[in-house]
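# Residue-level structural notes
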Amino acid sequence: MLEVFYAEGLYLVCRLSSDNEAHRRVWKITTRTDNSRGEQLYQATFKIPRQSASDEKPEWAVIQVPFSNFTLVRGARLVPDGKPLNPFDGLYQICLTMSKFPIAENMTEISNFRPGFFELQIKEFGLYTRSTLTLGEDLPTISSLSKEEAMKKRPIIVKILAPVLSKAFF
């Protein structure tokens, strides 16, 4: 019997090296399941552990964010009764965000938000697995576009400007 591993979420190996006040910010991972530029996307929050006061250089933290933690949002607001994230529909964008707004139906900001400079160092980012599936079950499949397919799907303005900009800046 052949077992296939599948991703359960995203992981991040990082440290906040600028200060020890990660709790005064909202840290989010954001992804899209289509290539539209609309405001609806999926977000999940994560916490960066506090370092002990004696640490001169912060330790690297391994943070795991299961796909089940992602919720549908529009801008900074939670979409009520939004469909859950299905990563097998494809992930077209993944980004990290620092914000003063928690994921909620109303735009409320955290009361002790720390504005200003911060340095989040990222050592590693990827998918993690914990479980296995047995072949023969209805397995989800993950596919990606070829370079040629991706080039064909680019907006016309990008197709026109990319060659010009590449010569101007490189």
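All of the points below concern the structure found in this document. (Residues numbered from 1 in each chain as written. Predicted model: local features only at pLDDT ≥ 70, side-chain atom pairs only at ≥ 80, totals over all residues. Heavy atoms only, no water.)

Before going further, it helps to spend a moment on the environment of Gln40. On the secondary structure map, Gln40 appears in strand E4 (residues 40–46). Of the residues examined, Gln40 reaches a relative accessible area of 43% and is grouped as partly exposed. Distance in space between the C-alpha atoms of Gln40 and Arg77 is 9.5 Å, their sequence separation being 37 residues. Excluding anything up to four places from it in sequence, Gln40 contacts Arg32, Leu72, Val73, Arg74 and Val79. (Helix = DSSP H or I, 4+ residues; strand = E, 2+ residues; numbered from the N terminus. Buried < 20%, exposed > 50% of the residue type's maximum accessible area, 1.4 Å probe, protein only. Contact = heavy atoms within 4.5 Å.)

Moving on, we come to the pattern of salt bridges. Evaluation of the coordinates by the stated rule reveals five salt bridges. Taking the shortest distance from any N to any O, the salt bridge between Arg114 and Asp19 comes out at 3.2 Å. Linking Arg114 in the loop between strand E8 (93–99) and strand E9 (120–128) with Asp19 in the loop between strand E2 (9–16) and strand E3 (26–32), this pair joins segments that are 95 residues apart in sequence. The buried category is assigned to Asp19, whose relative accessible area is 14%. (Salt bridge = Lys/Arg side-chain N within 4 Å of Asp/Glu carboxyl O.)

Right, let's get into the pairing of strand E6 (residues 71–74). Of the strand pairs in this sheet, E4 and E6 are connected by four bridges, and their pairing is antiparallel. Across the sheet, residue Tyr42 finds its bridge partner in E6, namely Leu72. Sheet topology places E6 next to strand E7 (residues 77–78); two bridges connect them, and they run antiparallel. Across the sheet, Arg74 pairs through a bridge with Arg77, a residue of E7. Hairpin connection from E6 to E7: two residues lie between these consecutive antiparallel strands, with Gly75 at a positive phi of about 65 degrees. (Pairing = 2+ DSSP bridges.)

Attention shifts here to the sheet that holds E4. Overall, antiparallel pairing links the five strands, which are arranged E7-E6-E4-E3-E8 in an open sheet. What marks the edges here is a single partner per strand, and that holds for E7 and E8.

Counted according to the given criterion, the structure contains two aromatic pairs. Taking the centre distance of 5.4 Å and the plane angle of 80 degrees together, the rings of Trp27 and Phe118 count as edge-to-face. On the criterion of sequence distance, the pair formed by Trp27 in strand E3 and Phe118 in the loop between E8 and E9 is long-range, its members being 91 residues apart. On the basis of relative accessibility, which here comes to 30%, the residue Phe118 falls in the partly exposed class. Measuring from ring centre to ring centre gives 6.2 Å for Phe67 and Phe70, while their planes differ by 45 degrees; the resulting arrangement is tilted. Residue Phe67 shares its accessibility class with Phe70, and that shared class is buried. (Phe/Tyr/Trp six-rings, centres within 6.5 Å; stacked < 30°, edge-to-face > 60°.)

What follows covers unusual backbone geometry. Note: most residues except glycine have negative phi, and most peptide bonds are trans. For Asp81, which is not glycine, the phi torsion reads 55 degrees and is therefore positive. You can see Asp81 is positioned in the loop between E7 and E8.

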